[in-house]
8 protein chains.
Amino acid sequence: MAAVPGSPATAELGFAAVDLDREHRQGLPEIVYAPGKQPHEITGIVAALLEGSRGPVLVTRVAADVAETVQRTHAGGTYDAPGRVLAWRVPPAGPVSITVVTAGTSDGPVADEAAAVARAVGLGVTEVRDVGVAGLHRLLGRVDELREAEVIVVVAGMEGALASVVAGLVGAPVVAVPTSTGYGAAFEGVTALLAMLSSCAAGVTVVNIDSGFGAALAAHRLAYQLNRAVPAS
Amino acid sequence: MAAVPGSPATAELGFAAVDLDREHRQGLPEIVYAPGKQPHEITGIVAALLEGSRGPVLVTRVAADVAETVQRTHAGGTYDAPGRVLAWRVPPAGPVSITVVTAGTSDGPVADEAAAVARAVGLGVTEVRDVGVAGLHRLLGRVDELREAEVIVVVAGMEGALASVVAGLVGAPVVAVPTSTGYGAAFEGVTALLAMLSSCAAGVTVVNIDSGFGAALAAHRLAYQLNRAVPAS
Amino acid sequence: MAAVPGSPATAELGFAAVDLDREHRQGLPEIVYAPGKQPHEITGIVAALLEGSRGPVLVTRVAADVAETVQRTHAGGTYDAPGRVLAWRVPPAGPVSITVVTAGTSDGPVADEAAAVARAVGLGVTEVRDVGVAGLHRLLGRVDELREAEVIVVVAGMEGALASVVAGLVGAPVVAVPTSTGYGAAFEGVTALLAMLSSCAAGVTVVNIDSGFGAALAAHRLAYQLNRAVPAS
Amino acid sequence: MAAVPGSPATAELGFAAVDLDREHRQGLPEIVYAPGKQPHEITGIVAALLEGSRGPVLVTRVAADVAETVQRTHAGGTYDAPGRVLAWRVPPAGPVSITVVTAGTSDGPVADEAAAVARAVGLGVTEVRDVGVAGLHRLLGRVDELREAEVIVVVAGMEGALASVVAGLVGAPVVAVPTSTGYGAAFEGVTALLAMLSSCAAGVTVVNIDSGFGAALAAHRLAYQLNRAVPAS
Amino acid sequence: MAAVPGSPATAELGFAAVDLDREHRQGLPEIVYAPGKQPHEITGIVAALLEGSRGPVLVTRVAADVAETVQRTHAGGTYDAPGRVLAWRVPPAGPVSITVVTAGTSDGPVADEAAAVARAVGLGVTEVRDVGVAGLHRLLGRVDELREAEVIVVVAGMEGALASVVAGLVGAPVVAVPTSTGYGAAFEGVTALLAMLSSCAAGVTVVNIDSGFGAALAAHRLAYQLNRAVPAS
Amino acid sequence: MAAVPGSPATAELGFAAVDLDREHRQGLPEIVYAPGKQPHEITGIVAALLEGSRGPVLVTRVAADVAETVQRTHAGGTYDAPGRVLAWRVPPAGPVSITVVTAGTSDGPVADEAAAVARAVGLGVTEVRDVGVAGLHRLLGRVDELREAEVIVVVAGMEGALASVVAGLVGAPVVAVPTSTGYGAAFEGVTALLAMLSSCAAGVTVVNIDSGFGAALAAHRLAYQLNRAVPAS
Amino acid sequence: MAAVPGSPATAELGFAAVDLDREHRQGLPEIVYAPGKQPHEITGIVAALLEGSRGPVLVTRVAADVAETVQRTHAGGTYDAPGRVLAWRVPPAGPVSITVVTAGTSDGPVADEAAAVARAVGLGVTEVRDVGVAGLHRLLGRVDELREAEVIVVVAGMEGALASVVAGLVGAPVVAVPTSTGYGAAFEGVTALLAMLSSCAAGVTVVNIDSGFGAALAAHRLAYQLNRAVPAS
Amino acid sequence: MAAVPGSPATAELGFAAVDLDREHRQGLPEIVYAPGKQPHEITGIVAALLEGSRGPVLVTRVAADVAETVQRTHAGGTYDAPGRVLAWRVPPAGPVSITVVTAGTSDGPVADEAAAVARAVGLGVTEVRDVGVAGLHRLLGRVDELREAEVIVVVAGMEGALASVVAGLVGAPVVAVPTSTGYGAAFEGVTALLAMLSSCAAGVTVVNIDSGFGAALAAHRLAYQLNRAVPAS
C-alpha cells in the first residue's frame, strides 16, 4: 500500500491509543469525550496529550467531580461548568469568532458546550440567546449583530425553525445544531434535525443532535482555513 | 344501547352507504373523495347527495376527464382545475374568510385544493403566496393582511418553518398543512408534519400531509361556530 | 428589510428574552413552560410578565414544590394541581367554552392540563370523561352535550379512535390531543397521533402528543376570533 | 432428533416443493400466492395440488389473464374477479360464516379478497359495507347483524377506528385487517395496523396490511375448531 | 340517530364511567387495567363491577401490594402473582382450553398473564414452555399436544419465529403475542411483532407486544362462539 | 415590530414572489429549483432575476429540454448537462476552491451537481473521484491533494464511511453529502446521512441527501467569509 | 503517516479508479456492480480488470442486453441469466462449497445471485429450495444435507424464520440473507433483516437485504481462510 | 412428519427445557443468557448442562454478585469480569484465533464480551484496540496483524466506518458488531448497524447491536468448520 507522508505518533496506553499526530494534521490535539471513561483513564489520556502535543487539551461532557479528580493530577486546567468542558493551555481568542444563537432557554446547555469548546480552542464567542421565532421581533432586533457574525451556530430544538430564518438573513456560514428540547413529536431532537437538513434556506449545514461540540469543531475547521488565508502576521 | 336523538338517513347504493344525515349533523353534506372510485360510482353517489341534501355537493381530487364524465349526468357543476374539485350548488361566500399562506411555488397545488374546497363550502378566500422564510421580508411585508385574517391556513413543505413564524405573528387560529415538497430528509412531508406539531408558537393545529381538503374543512368547522355566534341576521 | 408595524418590547433577563409584545399580537402574554428552568428563572420571567403585561400570567408543567417557591415571591397566584398550572390574574370565564372529552381515566392528566390552561386564559370548560369507544353507549348518551359544545378537545391514547367518532357526530371544531397512554404498538402516543391525522372524519385538527396546553391555546385562538366577531358589548 | 408422527409428503417440482401434507395437518391444502410466479409454475403447482389433495385448490392475487392461462390446463376452476382468486373444488358453504365489515369503498378490494378466499374454503360470507365511523348511524343501524355474526372481519384503512368500535359492540371474534387506504400520515396502512394492535376494545386480533387472505385463513382456523366442536352430524 | 337495541347501563364514578352493559354485549364484565389508577380508584371500580354484573371481575397488571389493599375492601378475590391478576368470582374452567406456548424463559411473565387471565374468565389452560426453535426437537417432541389444542397462544420475543413454526404444524387458531424479550435489533418487541404479522404460515393473528391479556381475551371471544355453538347442555 | 435595516425588494409574479434582496443579504441571487415548475414559470422567474440582480442566475435540477426552452427566451446561458444546472452571468473562478471527493461512480451525479453549482457561483473546483474506503490506497495516494484543499465536499452513499476517513486526515472544513446510492439497509441515503452525522471525526457538517446543491451553497457561504477576510485587493 | 506494506495499483479511468491491488489483498479482483453504470463504463472497467489481474472478473446485477454488449468487446465471458452475473476466467469449483437454502419460490432470484457469484469465484454450490417453515417436514427431510454443508446461506423474506430454524440444526457457519419478499408489515425485507439479527439461534450472521452477492462474498472470505488452512496440496 | 436422525435429549426443569442435544448438533452446549433469570434458575440450568454435556458451560451478561452465588453451588467456574462471562470446563485455546478490533474505548465492554466468550469456547484471541478511523495511522500501523488474522471481529459504534475500512484491507472473514456508543443520530447503535450492513467492502457480515456474544459464536461456527477441515491430528 502507498506510503503516507508525515510521521504519525500514537501513545499506546493499553486502554487507549492516543492520536498524537492529530495536532499536526488538523491544528488541534485529540479531544477527550468523558462519558464511559474512568477518571484514571481520563487522567492518563490527558497526560499523554499534555506531553505529546503543544495545543489546548480538552475533556468534554465531564462532570464537576470528575473534573476535580483529574485536575488534582493535572493542575492548571480550567473547568467551564455550564459547558462541562475541562481544558488546559487555552489559547487567547484568535481573530475568528463564532456567534451562538439559541431559540429558547432550554437550548442553553448545548449552546454552553458550543461556546466553551469554541473558547477553549481559541475562537471568540458572541451569544444571542432566546430569540426563537415565536417572537420574531427579538431576532429582528439583532439582525445587525448577525450580519456582522463570521460563523453562526444556531442551536434550536422543537421544530428548529430558527436555523432557516437566520440562514435566510445572512450570507455567513450557518452551522445548525438540533437539540433534544421538546416532547412528543419533537422525538428527542430528530424533528429539529430533519427540519434543519430540509431547510429552505440554502447552504445550512447540520451536526448531530445536542452536539455543541460538533458545531464548535466545525467552526474550528473554518477558522483553520480563515487563519491560513489571513496569516497571524 | 341508548337511543340517539334525530333520525339519520343513509342511501344504500350497494357499493356505498351515503350518509344523508351528515348535513344535519355538521352543516355540510358528505364530500366524495374520488381516488379509487369508478366514474359511475362517483356519479351515483353525487346523485344520492344532490337528491338527499340541500347544501353544496363536492368531489375532491378528481381528474379533469372524470369530472367531465360525471358532469354529463349531473349538469350545473363547476370544476376547479388547479384544486381538482368538482362542485354543485356552491353557496355565495359567507361572512367568514380564510387566508391561505404558502411557503413556495411547489406548495401551490395543496393551497389550490384548500382554496377550492373552502370556496365551494361558502368561505371567502384570500391568498398570500410564496412567502417562505428564506426571504423573510416577503412575509413581513404582508403582516397587516395576516393580522386581519380570520382563519389562517399555512401550507409548507421542507422544514415547514413558516407555520411557526406566522403563528407567532398573529392571534387568529392557524391550521398548518405540511406538504410533500422537498426531498431526502424531508421524507415526503413527514418532516414538515413533525415540525408543525412541535411548533414553538403555541396553539398551532395540524392536518394530514398535503391535505388542503382537511384544512378547508377544519376552517368550515370554525366558520360553523363563528356563524352560530353571529347569525346571518 | 421592510419595517414591521407596531413597537414590540422585550425584557432581556440574560437567561431569557421575554416577549412583552405577545399580548398585543395575540391577546395573551407569553406562557412559561417550567421544565428545564430553575425556580429563580421562573420567578424572574414571571416578574417581567406581571409587570410588562396586563393579562393572565401562566406557568405550565410546574411541580407543586416549585410552584410554592415561585408563589413566595409572587403572591396571588393559584395553583391547579391536577393540571400542574400556576396562574396569576386569571380572568372570569368569557363567552366561549371548550368541552374536553377523554377516552379513559389514564388520559386524565392531559385533559387536566387542557382544562387548567383553558380556565386560566378565560375560557369556560365542560368535561366529558371516560367515554372511550369500547363502550360506545357512554358516548352516545352524551351526544346532546357534544352537539352544544363550541369547541371540542378530544383527548385519547392507544388507537385514538374517539377523535374520529366524536368528529363524525358534531359540526363544531374538534382539536384532537393524542396521549402516550398505552404500550407496545401504541408507541408512546405516536399511533394515536397518526390515527388522528388520518381520521376519516373531515376537519379534525391535531396537536402534539400529551399537549393539553396546545389544545387549550388552539381554543384560545378560536375564542379570540369569536370574541372579535361578537364584541363583549 | 425426535420422530414426528404422521407421514408427510412433498411434491418436488424443482422450482417448488409443494407441501402435500398440509391438508392433513390443517384441513386445507397449500394455497398458491401468484405474484412472482410464472404462469407455467402456477400451472405446475396446481397440478400437484389437484392430484395430491382432495380439498379446495386456490390461487390468490392472480390477474385475470394469468387465471385464464392456468384454466386452459386445469378446467373446472372458477375465477372471482373482484377478489382475484382462482379456485377448484370449492366446497359448499359449511356451517360457519364470517361477516366482512368495511369502513369505506376504498377498502373494497381487500374485503373482496377476504370474501372470495372464505367462500372458496367453505365458509359462508355476509357483508356489511361502507359503515365507517364518520357516519356512525350507518353502523349502529346494523348492530343486530353484527351481534348475530360468528366471526367478524373488520377491513379499514386510514385510522382504522372501525375495528375498535365494532369489537366494543360484540362478543364474537374480531379479526382486523388494516388497509393501505389513505395518504400521508396513514403510511400505506401502517397507521391502521398500529391502531388496531392498540385497540381499546379487548381481544381484537390483527393480520397483515391488505391481507384479506390472512383474515379468511384465520377465520378458517376458527371454523376448523368450531367444526370439530360441532361435528357435521 | 338510529336507536340501538338493549338498555345499557353506566356507573358514573366521576373519575370513571364503568361500562355495566359490557357483560351483556360480550359475556364478560369490563376488566380493570391497574397502571395509572390509584388504589382507591381500583377499589371503587371493582365495587361497581361486583355490584353491577354477575360474571368474573378482574384487575390486570396489578402489583402485589396494591392487590392486597384492594382485597381489604373486597374480600374473596384471588391474586395470581406471576400473572399479576386479581380476580373475584372466577368461574370453573369451561369446555374450552387454550394452550400457551413460549419460546424462552424470558417470555414467562407474558405467558403468565395470558394464563392467569384465561383461567379467571373460565378457560382451561395448558402450558408448553421453553420450546424455542433454536432447539427444534423440544417443540417436535410435543407436537401431539399442540395438535390436540383448541386455541394456541404463542408467546415469543426476539425474532418470533416460533409463531410461524407452530402455525405450520396445526390447524387450530393461533394467536401470536410478540414480547419485548431481546435487545438491539429486537427493538422492544417490534421485530417479533412485524415478523408475526408477516408469517409465512397462513391465518396467524397477532395482538399487541407483551399483551398476554389481549391473547386471553381473543381466546375468550372464540370460546364465546364455541359455547354458543355447543350449549353447556 | 422592530424595523429591519435595508430596503428589500420582491418581484411579485403572481405564481411566485422572487426575492430580489437576497443578493444584497447573501452575495448571491435567489436560485431556481426547477422540479415542479412549468417552463414558462422558470422563464419568468429568470427574467425577474436577470433584471433585478447583478450576479449569477442559476436554475438547478433542470432537464436538458426544459433548459433549451428557457434558453430560447434568455440567451447567453450555459447548461451543465451532468450537473443539470443552467446558468447565466457565471463569474470567473474566484480565489476559493472546493475539492469534491466521491466514494464511487454511482455518486457521480451528486458530485456533478455540487461541482456545477460551485463553478456557477464563482468557486474553483477540484475533483477526486472513486476513492471509496474499500480500496483505501486510492484515497491515501491522494492525501496531499486533500491536505491542500480549502473546503472539502465528500459525496458518498451506502455506509458513507468516506466522510469520517477524509475528515480524520485533514483540518479543513468538510461538508458531507449522503447519497441515495445503495439498496436495502442503505435506505435511500438515510443510512449514509445518519452515519455522517455520527462521524467519529470531529467537525464534519452534513447537508441533505443527494444535495450537491446544498454542499456547494455551504461552500459559497465559506467563500463569502474568506473573501471578506481577504479582500480581492 | 505510517507507510503501508505492499505496492497497490490503481487503474485511473477518469470515471472510475479501479482497485488493481484488491486481488493481492483479498484473493479476488474488484467486482463490478452494474446498476448506474453505462455499458461503455462497464466495458472499460472490465478491460482494466482483465488486464490488471489474474483471477475471475465479475459484473453483477447486469441485464441480459447489457451483458451482450459488454461481451462483444470482451469475448469469453459467460452470463448466468437467473443470477444476472457476467463472468470471465471462472475457476473450477475449489474444495469449499456453500449450500443455499431458500424459504419460498419468490426468494429464488436472490438465491440465484448467491449461487452464480459463488460459482464464479470458485466455490461449489448445493441448493435446497422452498423449504420454508410453514411446512417444516420439507426442511426436516433434508437435515442430513444441511449437516454436511460447509457454509450455509439461508435466503428468506417475510418473517425470515428459516434462518433461526436452520441455524439451530447445524454447527456450520450460517449467513442469512433477508429478501424483500412479502408485503405490508414485511417492509421490503426490513422485517426479515431485523428478525435474522435477533435470531434466537446463536452465531447467525446477516448481510444486506436481497444481497445474494454479499452472502457469496462472505462465503468466499471463509473459503479463503479454509484454503489457507488446507493448502491445495 | 419425517423422522429426524439422532436422539435428542432435553432436561425439563419446569421453568426451562434445557437443550442437551445442542452439543451434539453444534459442538457446543447451550449457553445461558443471565438477564431475566433468577440465580436459582441459572444454578439449575448450569447443573443440567454440567451433567448432561461434556464441553464448556457458559453464562453470559451475568453480574459479579450473581456469578458468585452460582459459583457457590458449582465450584470450578471462572468469572471474566470485563466480559461478564462465567464459565466452567474452559478448553485450552484451539488452533483457531479471532482478532477483535475496536474503534474506541467506549466499545470496550462489547469487545470484552466477544473475547471472553471466544476464549471460553476454545478460540484464541488477539486484540487491536482504539484504532478508529479518525486517526487512520493507528489502524494502518497494524495492518500486518490484521492480515495475519484468521477471523476478524470489528466492534464499532457511532458511524461504524471501521468495519468497511478493515474489510477493505483483508481477505479473511469479517464479523461486524455495531455498538450503542454515540448519541443523537447514532440511535443506540442502529446507525452503525445499518452502515455495516451497507458496507462498500464486500462480504462483511453483521450481528446484533452490542452482541459480542453473537460475534464470538459466529467465529465458533467458522472454527468448527476450520477444525473439521484440519483435524486436530
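In what follows, the accompanying structure is described. Residue indices begin from 1 for each chain and proceed along its sequence in written order. By the order in which they are written, chains take letters starting at A while ligands take numbers starting at 1. Since the coordinates come from a predicted model, pLDDT governs what is reported: local features require at least 70, and pairs of side-chain atoms require 80 or more to be given and counted, while whole-chain, interface and lining totals use all residues. To get the side-chain values, all heavy atoms of the structure are used, and hydrogens and water are removed first.

Side note on the overall build of chain A
Phase 1: When helices and strands are tallied, chain A shows nine helices and 11 strands.
Phase 2: The C-alpha atoms of chain A give a radius of gyration of 19 Å, which matches the 17 Å a tight globule of 233 residues would have.
Phase 3: Counting only C-alpha atoms, chain A reaches 50 × 40 × 40 Å along its principal axes.
Phase 4: Each residue's exposure class comes from its accessible area (1.4 Å probe, protein chains only) as a fraction of the maximum for that residue type: buried when under 20%, exposed when over 50%, partly exposed otherwise. By residue count, 65% of the 233 residues in chain A fall in the buried class.
Phase 5: For chain A, the computed accessible surface area is about 7300 Å², with 53% contributed by carbon and sulfur atoms.
Phase 6: The positive count covers Lys and Arg only, the negative count covers Asp and Glu only, and His and the chain ends enter neither. To locate a charge, the coordinates of NZ of Lys, CZ of Arg, CG of Asp or CD of Glu are taken. With 15 positive and 22 negative side-chain charges, chain A shows a separation of 3 Å between the mean positions of the two kinds. Starting at the N terminus, helices and strands are each numbered in turn, a helix being any DSSP run of H or I of at least four residues and a strand any DSSP run of E of at least two. Using C-alpha atoms as the atom set, the radius of gyration is obtained and then compared with a globule rule of 2.2 Å times the number of residues to the power 0.38. Values of accessible area rely on a 1.4 Å probe in the Shrake-Rupley scheme; residue burial ignores everything except the protein chains shown.

Quick word on the pairing of strand β6 (residues 85-88) of chain C
Residues and elements named next belong to chain C.
Phase 1: Every second residue of β6 is oriented toward a common face, with Val-85 and Ala-87 on one face and Leu-86 and Trp-88 on the other, all of them buried.
Phase 2: Bridge count between strand β4 (residues 57-60) and β6: three bridges; the pairing is antiparallel. Looking across to β6, one finds that Leu-58 is bridged to Ala-87.
Phase 3: Looking at chain direction, strand β5 (residues 78-80) and β6 are connected through three bridges and run antiparallel. Within the sheet, the bridge partner assigned to Thr-78 lies in β6 and is Ala-87.
Phase 4: What sits between β5 and β6 in their antiparallel hairpin is a turn of four residues, with Arg-84 showing a positive phi close to 55°. Between any two strands, pairing holds if DSSP finds at least two bridges.

Re the sheet that holds strand β5 (residues 78-80) of chain H
Sheet strands pair via backbone hydrogen bonds, and the direction of the pair is either parallel or antiparallel.
Residue and element names in this part refer to chain H.
Phase 1: The four strands lie next to each other as β3-β4-β6-β5, forming an open sheet whose pairing is mixed. Only two strands of the sheet have a single partner each, and these edge strands are β3 (32-33) and β5.
Phase 2: Set on the sheet, helix α3 (residues 64-73) makes contact with β5 and β6 (85-88); between it and β6 the angle comes to about 20°. Note on contacts: a residue pair is in contact if any heavy atoms of the two residues lie within 4.5 Å. For helices, the fitted line uses only the C-alpha atoms of the stretch in contact; every axis is such a line through C-alpha atoms, and the angle between N-to-C directions lies from 0 to 180 degrees.

Quick look at the interface of chain A and chain B
Phase 1: Of the residues lining the interface, 22 residues belong to chain A; the matching set on chain B comes to 22 residues.
Phase 2: Note on terms: buried area is the combined drop in 1.4 Å-probe accessible area of two parts once they are placed together, counting the loss on both. Of all residues in chain A, Glu-159, Ser-198 and Cys-200 of chain A bury the most surface against chain B, accounting for 27% of the area lost on that side.
Phase 3: Whenever a carboxyl oxygen of Asp or Glu lies within 4 Å of a side-chain nitrogen of Lys or Arg, that contact is scored as a salt bridge. Joining chain A to chain B, the criterion identifies zero salt bridges.
Phase 4: In protein, a polar contact requires one atom able to donate a hydrogen and another able to accept it; more generally it is a pair of N or O atoms within 3.5 Å, and residues adjacent in sequence count only if both atoms are side-chain atoms. Between chain A and chain B we count eight residue pairs in polar contact (both at pLDDT 80 or more) in total.
Phase 5: For the side of chain A that touches chain B, the elements supplying multiple residues, two or more each, are α5 (136-140), α7 (161-169) and α8 (190-197) of chain A.
Phase 6: Broken down by element, the side of chain A that touches chain B gets its largest block of residues, five residues, from α7 of chain A.
Phase 7: Three classes are used, and their members are as follows: Ala, Val, Leu, Ile, Met, Phe, Trp, Tyr, Cys and Pro are nonpolar, Asp, Glu, Lys and Arg are charged, and the others, Gly among them, are polar. Residues belonging to the side of chain A that touches chain B are distributed by class as follows: 16 nonpolar, five polar and one charged.

Points about the arrangement of the chains
Phase 1: The two units chain C and chain G are non-contacting; their minimal C-alpha-C-alpha distance is 13 Å.
Phase 2: Note that chain B does not reach chain H: the shortest distance linking a C-alpha of one to a C-alpha of the other is 13 Å.

A few points about the sheet that holds strand β3 (residues 32-33) of chain G
All names here are of chain G.
Phase 1: An order of β3-β4-β6-β5 is seen for the four strands of this open sheet, with the pairing classed as mixed. Across the chains shown, the open sheet's two edge strands, defined by having one partner strand only, are β3 and β5 (78-80).
Phase 2: Relative to strand β4 (residues 57-60), β3 runs parallel, the two being bridged by two bridges. Residue pairing for β4: Tyr-33 is matched across the bridge by Thr-60.
Phase 3: Where helix α3 (residues 64-73) meets the sheet, it contacts β5 and β6 (85-88), and its direction lies at approximately 20° from that of β6.

Observations regarding the relation of the copies chain B and chain C
Phase 1: Here the copies were fitted onto each other by least squares, based on C-alpha atoms from residues at pLDDT of at least 70 in both. Mapping chain B onto chain C calls for a screw motion: a turn of 180° about the axis and a shift of 0.0 Å along it, with 0.0 Å RMSD after fitting. What we have between these two chains is a two-fold relation.
Phase 2: Both copies share a contact surface, since 100% of the interface residues of chain B are interface residues in chain C too.

Considering unusual backbone geometry
Phase 1: A positive phi is found at Arg-61 of chain A, a non-glycine position, where the angle reads about 50°.
Phase 2: Residue placement: Arg-61 of chain A occurs in the loop between β4 (57-60) and α3 (64-73).
Phase 3: Look at Met-158 of chain F: it is not a glycine, yet its phi comes out positive at around 50°.
Phase 4: Looking at the secondary structure, you find Met-158 of chain F in the loop between β9 (151-156) and α7 (161-169).
Phase 5: On the basis of relative accessible area, Met-158 of chain F is assigned to the partly exposed category, the value being 29%.

A short note on the relation of the copies chain A and chain B
Phase 1: At an RMSD of 0.0 Å, chain A and chain B line up after a rotation of 180° and a shift of 0.0 Å along the axis.
Phase 2: A shared binding surface is used by both copies, with 100% of the interface residues of chain A retained as interface residues in chain B.

Brief notes about the interface of chain B and chain C
Phase 1: Each side of the interface is counted separately: chain B has 45 residues, and chain C has 46 residues.
Phase 2: Both sides of the chain B and chain C interface together cover about 3900 Å² of buried area, and 61% of this is carbon and sulfur.
Phase 3: At the junction of chain B with chain C, the criterion picks out zero salt bridges.
Phase 4: Taken together, the links from chain B to chain C amount to 23 residue pairs in polar contact (both at pLDDT 80 or more).
Phase 5: Among the elements of the structure, α1 (22-26), α5 (136-140), α6 (143-148), α7 (161-169), β10 (174-178), α8 (190-197), β11 (205-206) and α9 (212-229) of chain B are those that each provide at least two residues to the side of chain B that touches chain C.

Here we look at the state of the cysteines
Phase 1: Whenever a pair of cysteine sulfur atoms sits within 2.5 Å, that pair is classed as a disulfide. A full pass over the atoms with the stated rule returns zero disulfides over all chains.
Phase 2: Free cysteine: Cys-200 of chain F, not disulfide-bonded; nearest cysteine sulfur from Cys-200 of chain H at 15 Å.
Phase 3: Of the residues examined, Cys-200 of chain F reaches a relative accessible area of 27% and is grouped as partly exposed.

Comments concerning the side chain of Thr-205 of chain E
Phase 1: With respect to the element layout, Thr-205 of chain E can be found in strand β11 (residues 205-206).
Phase 2: Beyond its immediate chain neighbours, meaning those up to four positions away, Thr-205 of chain E contacts Val-175, Thr-205, Val-206, Val-207 and Ala-218 of chain D together with Val-174, Val-175 and Ala-176 of chain E.

Re the environment of Asp-107 of chain G
All names here are of chain G.
Phase 1: Summarising the element assignment, Asp-107 is placed in the loop between β7 (97-102) and α4 (108-120).
Phase 2: In this structure Asp-107 comes out as buried when scored by relative accessible area, which is 3%.
Phase 3: It is 33 Å that separates the C-alpha atoms of Asp-107 and Ala-47, two residues lying 60 residues apart in sequence.
Phase 4: For Asp-107, the contacting residues outside a window of four places in its chain are Thr-102, Val-155, Ala-156, Gly-157, Thr-179 and Thr-181.
Phase 5: A polar contact of 3.0 Å, which involves the side chain of Asp-107, links it to the backbone nitrogen of Gly-104.

Focus on the side chain of Glu-41 of chain D
Residues and elements named next belong to chain D.
Phase 1: Along the polypeptide, Glu-41 turns up in helix α2 (residues 39-52).
Phase 2: Buried within the structure, Glu-41 lacks any salt-bridge partner; its nearest side chain of opposite charge belongs to Lys-37, at an N-O separation of 7.0 Å.
Phase 3: Excluding residues within four positions of it along the chain, Glu-41 makes contact with Phe-15 and Gly-36.

Nothing here speaks to function; it is all geometry.
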